[in-house]
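Fold and geometry: a report
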Amino acid sequence: MNYSLYPIVVRMKYHSSLLKKYISVQENPEDIAKELTLKTCEIEEIIERKIADSIVIGYTTSCEKHPEADRLSVCTVNCGDKGEYQIICGGSNIAAGLYVPVALPGTYFAKADMTIEKRKMRGIESNGMICSKEELDILEDLDLHSIWDLKQDFDDISDADLGTPLGHKYPRLNSYVLDVDNKCLTNRPDLTGHFGAAIELHAIYHALDKATSLSYNKTPHWVETFATTNFLDVFAHAPQAKR
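None of the values given here were measured: they were computed from a predicted structure. (Residues numbered from 1 in each chain as written. Predicted model: local features only at pLDDT ≥ 70, side-chain atom pairs only at ≥ 80, totals over all residues. Heavy atoms only, no water.)

One open sheet holds the five strands; their spatial order is β6-β5-β4-β7-β12, and the pairing between them is antiparallel. Every other strand in the sheet has two partners, leaving β6 (84-89) and β12 (129-130) as the edge strands with one partner each. Pairing analysis gives five bridges linking strand β4 (residues 55-65) to strand β7 (residues 99-103), with the strands arranged antiparallel. What sits directly across from Val-56, in β7, is Val-102. (Pairing = 2+ DSSP bridges. Helix = DSSP H or I, 4+ residues; strand = E, 2+ residues; numbered from the N terminus.)

Taken as a whole and assessed by the stated rule, the structure comprises seven aromatic pairs. Seen from their ring centres, Tyr-22 and Trp-222 are 5.8 Å apart, and the 80° between their planes marks the pair as edge-to-face. Residue Tyr-22 is found in the loop between α1 (16-19) and β2 (23-25), and its partner Trp-222 is found in helix α5 (residues 219-227); the two are separated by 200 residues along the sequence. Its relative accessible area of 22% is what places Trp-222 among the partly exposed residues. Here Trp-148 and Phe-154 contribute two aromatic rings whose centre-to-centre distance is 5.8 Å and whose plane-to-plane angle is 50°, an arrangement assigned as tilted. Neither residue differs from the other here; Trp-148 and Phe-154 are each classed as buried. (Phe/Tyr/Trp six-rings, centres within 6.5 Å; stacked < 30°, edge-to-face > 60°. Buried < 20%, exposed > 50% of the residue type's maximum accessible area, 1.4 Å probe, protein only.)

A large share of strand β13 (residues 175-180) lies buried, amounting to six of its six residues. The alternating pattern of β13 places Ser-175, Val-177 and Asp-179 on one face and Tyr-176, Leu-178 and Val-180 on the opposite face, and all of these are buried. Note: strand β1 (residues 12-15) against β13, four bridges, orientation antiparallel. Among the inter-strand pairings, Lys-13 is bridged to a residue of β13, identified as Asp-179. Examined bridge by bridge, strand β3 (residues 43-49) and β13 share six bridges and lie antiparallel to one another. Counterpart to Ile-46 in the pairing with β13 is Leu-178.

Pairing in this open sheet of three strands is antiparallel, and the strands run β1-β13-β3 from one edge to the other. Of all the strands in the sheet, the pair left with one neighbour each is β1 and β3. Across the sheet, the axes of successive neighbouring strands diverge by a mean angle of 20°, strand direction being ignored. Packing against the sheet, helix α2 (residues 29-39) makes contact with β3 and β13, and its axis sits at approximately 160° to β3. (Axes fitted to C-alpha atoms, helices over the stretch in contact; angles between N-to-C directions. Contact = heavy atoms within 4.5 Å.)

A word on the nonpolar core. Core analysis: the biggest nonpolar cluster contains 22 residues, and Tyr-14, Ile-32, Leu-178 and Leu-201 have the highest contact counts within it. Mapped onto this core, the elements with two or more residues apiece are β1, β2, α2, β13 and α4 (194-207). For this core, the leading source of residues is α4, giving five residues. Once residues lying within four places of it in the same chain are set aside, the contact partners of Leu-201 are Leu-19, Ile-23, Val-25, Ile-32 and Leu-36. Tyr-99, Ala-103, Ile-116 and Ile-157 belong to the second-largest nonpolar core, a separate cluster that totals 19 residues. (Core = buried A, V, L, I, M, F, W, Y, C linked by side-chain atoms within 4.5 Å.)

By the element assignment, Ala-160 lies in the loop between β12 and α3 (166-169). The class of Ala-160 is exposed, set by a relative accessible area of 68%. Here the alpha-carbon distance between Ala-160 and Ser-92, two residues 68 residues apart in the chain, equals 27 Å.

The subject of this paragraph is the pattern of salt bridges. All told, the structure shown has 11 salt bridges when counted by the stated rule. A salt bridge links Glu-27 to Lys-210; the nearest nitrogen and oxygen atoms lie 3.3 Å apart. Here Lys-210 lies in the loop between α4 and β14 (214-217) and Glu-27 lies in the loop between β2 and α2, a separation of 183 residues in the sequence. Accessibility expressed as a relative area gives 31% for Lys-210, which makes it partly exposed. As a salt-bridge pair, Lys-183 and Asp-181 come within 3.1 Å of each other at their nearest N and O atoms. Relative accessible area serves as the criterion here: at 64%, Lys-183 is assigned to the exposed category. You can call Asp-181 buried: its relative accessible area is 8%. (Salt bridge = Lys/Arg side-chain N within 4 Å of Asp/Glu carboxyl O.)

We now examine the side chain of Asp-161. Mapping Asp-161 onto the fold places it in the loop between β12 and α3. At 3.2 Å, the side chain of Asp-161 forms a polar contact with the side chain of Lys-169. Once residues lying within four places of it in the same chain are set aside, the contact partners of Asp-161 are Ile-57, Asp-156 and Lys-169. (Polar contact = N/O pair within 3.5 Å; in protein donor to acceptor, adjacent residues only side chain to side chain.)

Have a look at this one:
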């Protein structure tokens, strides 16, 4: 088969966390996508991740093997002012002494169409769920995590955070991705990167007289910096890649 006949399609996706290096727009993703579609490029899909308020920071005070199941553990989890919960967990890395994300009873997971409820697992009551990254739709480092040991990623967690919604403690976990129709970018190579998209959003919201929607706007600073940057010098002094 001649694979040269099949073009490689590279999709452009604008990630809110990367855009925030330059600009932060205090509008919902649907409104941002609407403005980009009307004025710049068509947004085909919005992929949004929101950590529910019922997913809180907990601490495993005890962890014992389930007497009727080798791969399950019976954990006691302290969730601060939300209470203490007995949770059956199947994570291979679960142990006492971990700060973990806990989905309290009533938490709904749309992707799995599942609501966390009190139930018995092999005869022992489980009240909540200790979460992995994947269950929270955080897909990086999946090979390193079963249950998410929060201390591996955050060094500022303490007992004072127990019961705090994870998305409140770390707002950056709530994010969205705008999937762009690449045909719209044929004549706009400046939009094939997050800096170009940030410049475009800066222009759109100023034209709309809605600059107040830009709670964080470093694009003028970066434009000035890049205008006086000699990129040949930057490349000349960049470390050589190892072969």
